[in-house]
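# A structural walkthrough
Residue-level listing of the chains:
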Amino acid sequence: MEQRTLGRTGRQVGTVGLGAWQLGADWGQVTEDEAFATLGAAVDAGVTFIDTADVYGDGRSEQIVGRFAKGRPELTVATKMGRRLEQIPANYVMSNFRAWNERSRQNLGVDTLDLVQLHCPPTPVYSTDAVFDALDTLVAEQKIAAYGVSVETCEEALTAIARPGVASVQIILNAFRLKPLERVLPAARAAGVGIIARVPLASGLLSGRYDEHTTFGADDHRTYNRQGEAFDVGETFSGVDFRTGLEAVRRLAPLVPEGLTMAQFALRWILDQPGVSVVIPGARNASQATANAAAASSPPLPPATLEAVEAVYDDLIRPQVHDRW
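In this report, the structure presented in the accompanying data block is examined. These numbers were taken from a predicted model, which means no experiment stands behind them. (Residues numbered from 1 in each chain as written. Predicted model: local features only at pLDDT ≥ 70, side-chain atom pairs only at ≥ 80, totals over all residues. Heavy atoms only, no water.)

## Some remarks on the environment of Glu307
- The residue Glu307 is located in helix α11 (residues 303-321) in this model.
- Assessed through its relative accessible area of 55%, Glu307 is described here as exposed.
- Separated by 204 residues in sequence, Glu307 and Arg103 have C-alpha atoms that sit 45 Å apart. (Helix = DSSP H or I, 4+ residues; strand = E, 2+ residues; numbered from the N terminus. Buried < 20%, exposed > 50% of the residue type's maximum accessible area, 1.4 Å probe, protein only.)

## Some points on the side chain of Asn91
- When you line up the elements, Asn91 lands in the loop between β5 (76-81) and α3 (94-108).
- The exposure class of Asn91 is buried, given its relative accessible area of 17%.
- Within polar-contact distance, the side chain of Asn91 engages the backbone oxygen of Glu86 at 2.8 Å.
- If near-sequence neighbours (up to four positions away) are discounted, Asn91 is found in contact with Leu85, Glu86, Asn96 and Trp100. (Polar contact = N/O pair within 3.5 Å; in protein donor to acceptor, adjacent residues only side chain to side chain. Contact = heavy atoms within 4.5 Å.)

## Some remarks on the packing of aromatic side chains
- In total, this model carries 11 aromatic pairs according to the counting rule given.
- Ring geometry for Tyr92 against Trp100: centres 6.0 Å apart, planes inclined by 70 degrees, an arrangement best described as edge-to-face.
- A relative accessible area of 3% places Tyr92 in the buried class.
- Their ring planes at 40 degrees and their centres at 6.0 Å tell us that Phe97 and Trp100 sit as a pair that is tilted. One end of the pair is Phe97 and the other is Trp100, both in helix α3 and three residues apart, which spans about a single turn. (Phe/Tyr/Trp six-rings, centres within 6.5 Å; stacked < 30°, edge-to-face > 60°.)

## Quick word on the pattern of salt bridges
- Under the counting rule described, the total for this entry stands at 20 salt bridges.
- In this structure, the salt-bridge partner of Glu155 is Arg183, at a minimum N-O distance of 2.9 Å. Taken together, the residues Glu155 in helix α5 (residues 154-161) and Arg183 in the loop between β8 (166-172) and α6 (184-191) connect sequence positions 28 residues apart.
- Taking the relative accessible area as the measure of exposure, Arg183 reaches 49% and is therefore partly exposed. (Salt bridge = Lys/Arg side-chain N within 4 Å of Asp/Glu carboxyl O.)

## Description of the sheet that holds strand β4 (residues 49-51)
- An order of β3-β4-β5-β6-β7-β8-β9-β10 is seen for the eight strands of this open sheet, with the pairing classed as parallel. A strand with exactly one partner marks an edge of an open sheet, and here the two such strands are β3 (18-19) and β10 (278-279).
- The sheet contact formed by strand β9 (residues 194-198) and β10 spans two bridges and is parallel. Bridge pairing in β10 places Ile196 opposite Val278. (Pairing = 2+ DSSP bridges.)

## Considerations on the packing of α5 against α6
- The geometry of α5 relative to α6 is characterised by a closest axis approach of 10 Å and an angle of 10 degrees between their N-to-C directions. The angle between the axes of α5 and α6 places the two elements in the roughly parallel class. Across the interface between the two elements, Cys154, Ala157, Leu158 and Ile161 from α5 touch Val184, Ala187, Ala188 and Ala191 from α6.
- Here the residues of the contact of α5 with α6 sort into eight nonpolar, no polar and no charged. (Axes fitted to C-alpha atoms, helices over the stretch in contact; angles between N-to-C directions. Parallel < 35°, antiparallel > 145°, perpendicular 65-115°, else oblique. Nonpolar A, V, L, I, M, F, W, Y, C, P; charged D, E, K, R; others polar.)

## Concerning the pairing of strand β7 (residues 147-150)
- Here β7 shows two buried faces, one formed by Tyr147 and Val149 and the other by Gly148 and Ser150.
- Relative to β7, strand β6 (residues 115-119) runs parallel, the two sharing four bridges. Considered in β7, the bridge of Val116 is made with Tyr147.
- In terms of handedness, the path from β6 via helix α4 (residues 129-140) over to β7 forms a crossover that is right-handed.
- By the bridge criterion, three bridges tie β7 to β8 in an arrangement that is parallel. When the sheet's bridge partners are listed, Val149 is paired in β8 with Val169.
- This β-α-β element, β7 to α5 to β8, shows right-handed connectivity. (Right-handed = clockwise from strand over helix to strand, strands pointing away.)

## Structural notes on the packing of helix α8 (residues 242-252) against α11
- One way to put it is that α8 packs onto α11 with a least axis distance of 10 Å and a crossing angle of 170 degrees. Classified by the angle their axes make, α8 and α11 are roughly antiparallel. On α11, the residues that touch Thr244, Glu247, Ala248, Arg251 and Leu252 of α8 are Val309, Val312, Asp315, Leu316, Ile317 and Gln320.
- Of the residues in the contact of α8 with α11, the class split is six nonpolar, two polar and three charged.

Below, the structure written as C-alpha cells:
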C-alpha cells in the first residue's frame with residue numbers, strides 16, 4: 001500500500017486506514033471475534049493506521065484495538081478525547097486532559113499515545129491558547145507523541161492548522177462533502193499538517209448498498225441521529241438527506257470504473273485529492289476491511305471523472321450542506 005507522511009507526526013502510514021468507531025458497537029453489535037477478525041484483515045491488507053476514541057463503546061473500541069496492536073510497532077493508533085463531559089470550553093483543561101489520557105493509555109496498554117485528537121470540541125476551544133499549551137506539556141512529558149484535532153467545520157480546521165503544534169486535522173471529506181477542497185487541504189499542505197479523511201462513505205451511503213427500503217437498528221446512529229439528536233448531524237450521512245444521498249449515488253454509479261465497487265470508487269476519489277494523508281473507512285467484518293484497503297492499489301481516477309463527481313455535488317448536495325460545513 002502507498003505510504004504517506006502523517007503531517008507533523010513524521011510517521012509514515014498506509015493511505016487507507018481503519019476507523020474503529022463501529023468496534024465500540026455504536027453501529028449495532030460487533031462481537032470481539034468479529035472485531036479482531038476485522039482488524040486482522042485490515043492489517044494483512046496493508047493498513048497501518050487505526051483511529052479510535054475514548055467514547056467509542058465507552059472505551060471498548062480502545063481496549064480491543066490496544067489488545068490487537070500489542071507487539072505490532074508498525075501500527076499507528078490515534079485516539080480522541082473531549083466527549084466524556086458536557087461540551088463547554090471550560091471542560092477543556094489540563095486536569096481533564098490528564099484524566100482522559102490516563103484512561104486511554106490504560107485502555108490501549110501503552111505508556112505514550114501515538115496521536116491524541118481533540119474530539120470535535122466547542123468552536124472557542126480552537127482559539128484558546130491554554131488548551132494548546134496543555135497539549136504541548138503532555139508532549140514534553142511524553143504522555144502523547146503528537147496531537148491533532150477532529151473538526152466539524154472548515155473554519156475550525158483553518159484555525160487549528162495555524163497552530164504550530166497541531167500535527168493533523170481530521171475532517172469529513174467525501175463525494176458529498178467537497179468544501180474542504182477549497183481552503184482546508186491547500187492550507188494543510190502549505191503548513192505540513194496531515195489530513196485524516198473521516199466519514200468517507202457517508203455512513204455507508206456511498207457503498208451503494210442502500211435504497212429507500214433500508215432500515216437500521218435502534219442502536220445505530222443512522223437511526224437515532226438523522227436530525228442531530230445525539231451529536232452533530234454532519235456525522236450521519238455527512239448531513240445529507242437520506243433520499244437525496246440515494247439519488248446522488250445513482251448518478252455516481254455510472255462513473256465507477258470496471259473492477260471497482262462503489263465504495264472503492266468513493267475511497268479512491270478521496271485519495272486523489274492533494275493533501276490527504278489517510279482515509280479511515282470503518283468496517284464491520286474482515287471482507288469489508290479487505291475490500292476497503294484494495295482501493296489504495298487502484299489507479300487514480302481520470303480528470304473527467306473527478307469533474308463529474310463535482311457536478312453531482314453541485315446539483316444535489318451543495319444546496320443542502322455547503323454553507324454549514
